[in-house]
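Now for the letters of each chain:
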Amino acid sequence: MGMDVDTRQIQTAVLAGPGSDDPVVCPTDADELDEFRQDFSGTTFWCGILLGGCGGQLLTRRGYVRVSHFAHFPDPDGLLPECGRRSRGIASADHLYVRTATQKWLRGQGHTPRYRYHEHAEAPAGSLVEIEVGGHTLLLHLNPATPPDWEATTAAEVILGPGVPIDHRTLVRRGYVHRVKFISEGNQRVMVLGTEVPYVGTDWDFDLADCTVDEHGRLITPVVTRWKTARAAAQQAPVPQPRAETPKGPVQIGALTRLIDQAVRCEEGAAVRKLRDTAQLQVPRCEGQALTHLQRAIEHADRWISQQDRTRRQLFDRLEIAVGRGYDRDVSTLILTARELLLNDVAATPQEATVFKAANTLLSEARQRADQKRREADARRAAAARERAVRDAAEAEELMKRRQAQLQEQQEQARVRKERNRARGLVQSILGRLRREHEVLSPEQRQELVEELVLAAAGAGDILSLAEAHKVNEYAERPVAPVEEPEATAPSAQKPERVPELVPVPELHSATLPAHLVPTASAVRGALKKAARERTSTSWSRLEQQLGSALPPLGNEERVQVLVHIDQSAADDEPLLSSLIAAGDPHFSYQYYRRVLAALDLHAPDDDEDLREVVEADAEQVFTDWRSR
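Residues numbered from 1 in each chain as written. Predicted model: local features only at pLDDT ≥ 70, side-chain atom pairs only at ≥ 80, totals over all residues. Heavy atoms only, no water.

### As for the overall build of the chain
Summing up its helical and strand segments, the chain has 17 helices and 14 strands in all. Counting the 629 residues in the chain, one finds 41% classified as buried. Once local pairs closer than 6 in sequence are excluded, the contacts in the chain between residues at least 24 apart make up 59%. Total accessible area computed for the chain in this model is approximately 35900 Å², and 51% of it derives from carbon and sulfur atoms. (Helix = DSSP H or I, 4+ residues; strand = E, 2+ residues; numbered from the N terminus. Buried < 20%, exposed > 50% of the residue type's maximum accessible area, 1.4 Å probe, protein only. Contact = heavy atoms within 4.5 Å. Areas by Shrake-Rupley, 256 points an atom, 1.4 Å probe, with all protein chains shown as cover.)

This is the structure:
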């Protein structure tokens, strides 16, 4: 990717589920993100466990200031576990792309690869990747924080990732080492394989298809094939040896002394010992200055061989002590030094071979213990992951229960509001009927309607307007039949029992409409009555189109005054015509309709949703009341 990548954002995820090993990279460009979303529509993205993530679901977020990236779903309640993922950049899923790059290639060679991703205490998830092939292991070290232990490893092949070091001596001893690097192509990462050779560097100029894994689990690349061919040719070439014939004069003796000095300087122990023995055979045949030079060379070789033997004895003594004490770390270091020493010296003695065997046995047991500890650690991590998954599932279930309880509570509150609104509508309907049919209703019918009115008012509660509550109290207190005048001599007639007021009814406030708005109010009232008969809501913009010049431009304050005047002039038990504008113009309803209700001493809910329900109930009552007018 380019230099504009913002590594503070999550740029890699896995597909389909938290345990997936199928990685994907989020495009950083906003336009490319649109194509990406279209390509992966219906697919979920996750902060994968194998990425060191929390296992939570991710979404794609378009970048305007920063680059586009993945992000966790919002957690407004703060109940989800905090994500401890350390690596979020574009390379954080490279270990998963190892499977993507090699699985088809290995299966094409008849192998059935198995992949294991290890985590290191000081390195992010996937620092080590094991590929098991035919009973052998290819071990990839992808993070410099986990350098390989070349002596302790049991892997058939060790492959190094970007920046993982190898010291020159080990590289020379091994002859080569494989390396991998990753490059970006669209929303994928591509693995590139190379082979590093001493004094040459890393050759990346070949394809994975040109490589094979042999029966010993060794990765054979074109570079390895060339290296093996060159080494075989070098082994077949004749090795220069000291002349076997007896020196006849100073020239041969001089050459022999020079060979001895050169072998000592190069610390070639086997050559020094052989040349020293050859020189000792030439001593009886020499004399004079040649004999002096030859004896000096022999003494020089003897001193070096004596020092070499002393160093060799000390080294194997230390190795034997370390083996006896079980110091596997010291043994792994000393056995490497001993092997390098024997590379340029005579073969090991029987005693040294016994020490070597014991050291190898100790290291093998140490590797087995390390493998056992690693398996136990893997088992512990897997158990911890399962426990975390169970805990997360329990927390998610508890969160779901709480949200369901909240939803049920909200639904219950909505149900209560609707029932109260329906009860209010019934109150308004009964009031309208009592007003319109008061002359034709019999006392019994009126009594039944009043009782039904009182029950409906009790169900509506405090959402009744003050005018409605006043009317309910008035009808509840009114006697059913006219009361005859009492005779002068009769005891004073008892007054009908007063029904308690359902809602305290303070005196309504009135407002005086400016004279220039009186014609406007008349025009608006007529338009609202027409809308009521047609059972439709309206808005100020629609009224302006309908009335034309009869409705001059009004400010919001003037609109409030006009509506207050219209509904103040209506009968107390009539629904508000202004509710038709509130129902058709939500912006005016939320911003200014509360002021209309307040001027009429009517209750206005604080919540916008509750206000919306009141407006709809009032408008429906207007339609009912004006149906037959």
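Okay, back to it.
### Topic: the sheet that holds strand β2 (residues 23-25)
Spatial ordering of the open sheet is given by β2-β1-β3-β4-β5, a layout of five strands whose pairing is antiparallel. Each of the sheet's edge strands pairs with one partner strand only, and the pair in question is β2 and β5 (69-72). Where strand β4 (residues 57-61) meets β5, four bridges bridge the pair, whose relative direction is antiparallel. Opposite Arg-61, over in β5, you have His-69 as the bridge partner. The sheet contacts of helix α1 (residues 30-39) involve β2, β3 (45-46), β4 and β5, and relative to β4 the element is tilted by about 140°. The sheet strands contacting helix α2 (residues 94-108) are β1 (12-15) and β2, and the helix crosses β2 at an angle near 115°. (Pairing = 2+ DSSP bridges. Axes fitted to C-alpha atoms, helices over the stretch in contact; angles between N-to-C directions.)

### Quick word on helix α7 (residues 288-325)
Relative to the 56 Å expected for 38 residues at 1.5 Å per residue, α7 spans 56 Å between its end C-alpha atoms, a close match to the ideal helical length. Just beyond α7, the residue with positive phi is Gly-326, at close to 75°. (Expected span 1.5 Å × (residues − 1).)

### A word on the nonpolar core
With 36 residues, the main nonpolar core has Val-524, Leu-528, Trp-540, Leu-563, Ile-566, Leu-580 and Tyr-593 as its most contacted residues. Breaking this core down by element, the ones donating at least two residues are α12 (518-533), α13 (540-547), α14 (556-568), α15 (579-584), α16 (586-599) and α17 (608-625). Here the element with the most residues in this core is α12; it accounts for six residues. Excluding its chain neighbours within four sequence positions, the residues that come into contact with Val-524 are Trp-540, Leu-543, Leu-547, Leu-551, Val-562 and Ile-566. Ranked by size, the runner-up nonpolar core spans 30 residues in total, among them Tyr-97, Ile-159, Val-180 and Val-213. (Core = buried A, V, L, I, M, F, W, Y, C linked by side-chain atoms within 4.5 Å.)

### What to know about the pairing of β1
Pairing geometry for β1 and β2, over three bridges, is antiparallel. The residue bridging Ala-13 from the neighbouring strand is Val-24, located in β2. Strand direction decides the pairing type here: β1 and β3, joined by two bridges, are antiparallel. Residue pairing across strands places Leu-15 opposite Phe-45, the latter belonging to β3.

### Thoughts on the side chain of Arg-276
With respect to the helices, strands and loops of the structure, Arg-276 is situated in helix α6 (residues 269-282). Of note is the side chain of Arg-276, whose polar atom sits 3.0 Å from the side chain of Asp-277. Contacts of Arg-276, omitting those with residues within four sequence positions, involve Ile-298, Ala-301, Asp-302 and Ile-305. (Polar contact = N/O pair within 3.5 Å; in protein donor to acceptor, adjacent residues only side chain to side chain.)

### Details of helix α10 (residues 443-460)
The terminal C-alpha atoms of α10 lie 25 Å apart, and with 18 residues this matches the ideal 26 Å at 1.5 Å per residue to within 8%. For α10, every residue scored as buried is listed here: Leu-449, Val-450, Leu-453, Ala-456, Ala-457 and Ala-460. Down the axis of α10, the buried side of the element spans an arc of 130°, and every buried residue falls inside it. In α10, the exposed positions angled more than 90 degrees off the buried face are occupied by Glu-444, Glu-448, Leu-455 and Ala-458. Buried residues in α10 make contact with α9 (350-436) and α11 (466-477). Of the residues trailing α10, Gly-461 is marked for its positive phi of about 65°. (Arc of directions from axis to C-beta.)

### Overview of a negative patch on the surface
Negative charge collects at one region of the surface, where Asp-29, Asp-31, Glu-32, Glu-35 and Asp-39 lie side by side. Position of Asp-31 among the secondary structure elements: in helix α1. Judged by relative accessible area, which is 57%, Asp-31 ranks as exposed. (Patch = residues over 30% accessible without salt bridge, like charges linked within 9 Å, V, L, I, M, F, W, Y side chains within 5 Å. Salt bridge = Lys/Arg side-chain N within 4 Å of Asp/Glu carboxyl O. Lys, Arg positive; Asp, Glu negative; His and termini not counted. Charge placed at Lys NZ, Arg CZ, Asp CG, Glu CD.)

### Considerations on the packing of α12 against α13
Closest axis-to-axis distance for the α12/α13 pair is 11 Å, and the angle between their directions is 105°. Taken together, the axes of α12 and α13 lie roughly perpendicular to each other. Taken together, the residues of α13 that come into contact with α12 (itself represented by Ala-523, Val-524, Ala-527 and Lys-530) are Trp-540, Leu-543, Gln-546 and Leu-547. For the contact of α12 with α13, the class distribution of residues is six nonpolar, one polar and one charged. (Parallel < 35°, antiparallel > 145°, perpendicular 65-115°, else oblique. Nonpolar A, V, L, I, M, F, W, Y, C, P; charged D, E, K, R; others polar.)

### A closer look at the environment of Trp-227
On the secondary structure map, Trp-227 appears in helix α4 (residues 222-236). Counting along the chain gives 52 residues from Trp-227 to Gly-175, while the straight-line C-alpha distance between them is 8.0 Å.

### Re the pattern of salt bridges
Between side chains of opposite charge, a pair can form as their charged atoms come close. With the rule as written, the count across this model stands at 38 salt bridges. Here Lys-401 ties to Glu-397 by a salt bridge, and the two come within 3.9 Å at their closest N and O atoms. With Lys-401 and Glu-397 both in helix α9 and four residues apart, the pair spans about one turn of that helix. Looking at Lys-401, the relative accessible area reads 46%, which means it is partly exposed. Residue Arg-559 is joined to Glu-544 by a salt bridge in which the shortest nitrogen-to-oxygen separation is 3.5 Å. Residue Arg-559 is located in helix α14, and its partner Glu-544 is located in helix α13; the two are separated by 15 residues in the primary sequence.

### Regarding the packing of helix α8 (residues 328-343) against α9
Packed helix pairs are characterised by how far apart their axes lie and by the angle those axes make with each other. The contact between α8 and α9 brings their axes to 10 Å, and the two run at 135°. With respect to α9, the axis of α8 lies oblique. Helix-helix and strand crossings are classified by hand; for α8 and α9 the assignment is left-handed. Contacts between α8 and α9 involve Asp-328, Val-331, Ser-332, Ile-335, Ala-338, Arg-339 and Leu-342 from the former and Phe-356, Ala-359, Asn-360, Leu-362, Leu-363 and Ala-366 from the latter. Of the residues in the contact of α8 with α9, the class split is nine nonpolar, two polar and two charged. (Left-handed = near helix turned anticlockwise from the far one by under 90°.)

### As for the packing of aromatic side chains
Per the stated rule, a full pass over the model turns up nine aromatic pairs. A centroid spacing of 5.5 Å and a plane angle of 75° characterise the contact between Phe-316 and Phe-356, whose relative ring orientation is edge-to-face. Placement of the pair is Phe-316 in helix α7 and Phe-356 in helix α9, with a sequence separation of 40 residues. For the pair Phe-316 and Phe-356, one class covers both residues: buried. (Phe/Tyr/Trp six-rings, centres within 6.5 Å; stacked < 30°, edge-to-face > 60°.)

### Observations regarding the confidence of the model for the chain
Mean pLDDT over the chain: 81, with 88% of residues reaching 70 or higher. Confidence drops under pLDDT 50 across residues 483-511; counting only partners more than four residues distant or on other chains, this segment forms 28 contacts. (pLDDT = per-residue confidence, 0-100.)

### Comments concerning the environment of Val-129
Mapped onto the elements of the fold, Val-129 is located in strand β7 (residues 125-133). Separated by 30 residues in sequence, Val-129 and Ile-159 have C-alpha atoms that sit 9.7 Å apart.

### Focus: the side chain of Asp-585
In this structure, Asp-585 sits in the loop between α15 and α16. Leave out the neighbours within four places in its chain, and Asp-585 touches Thr-538, Ser-539 and Trp-540.

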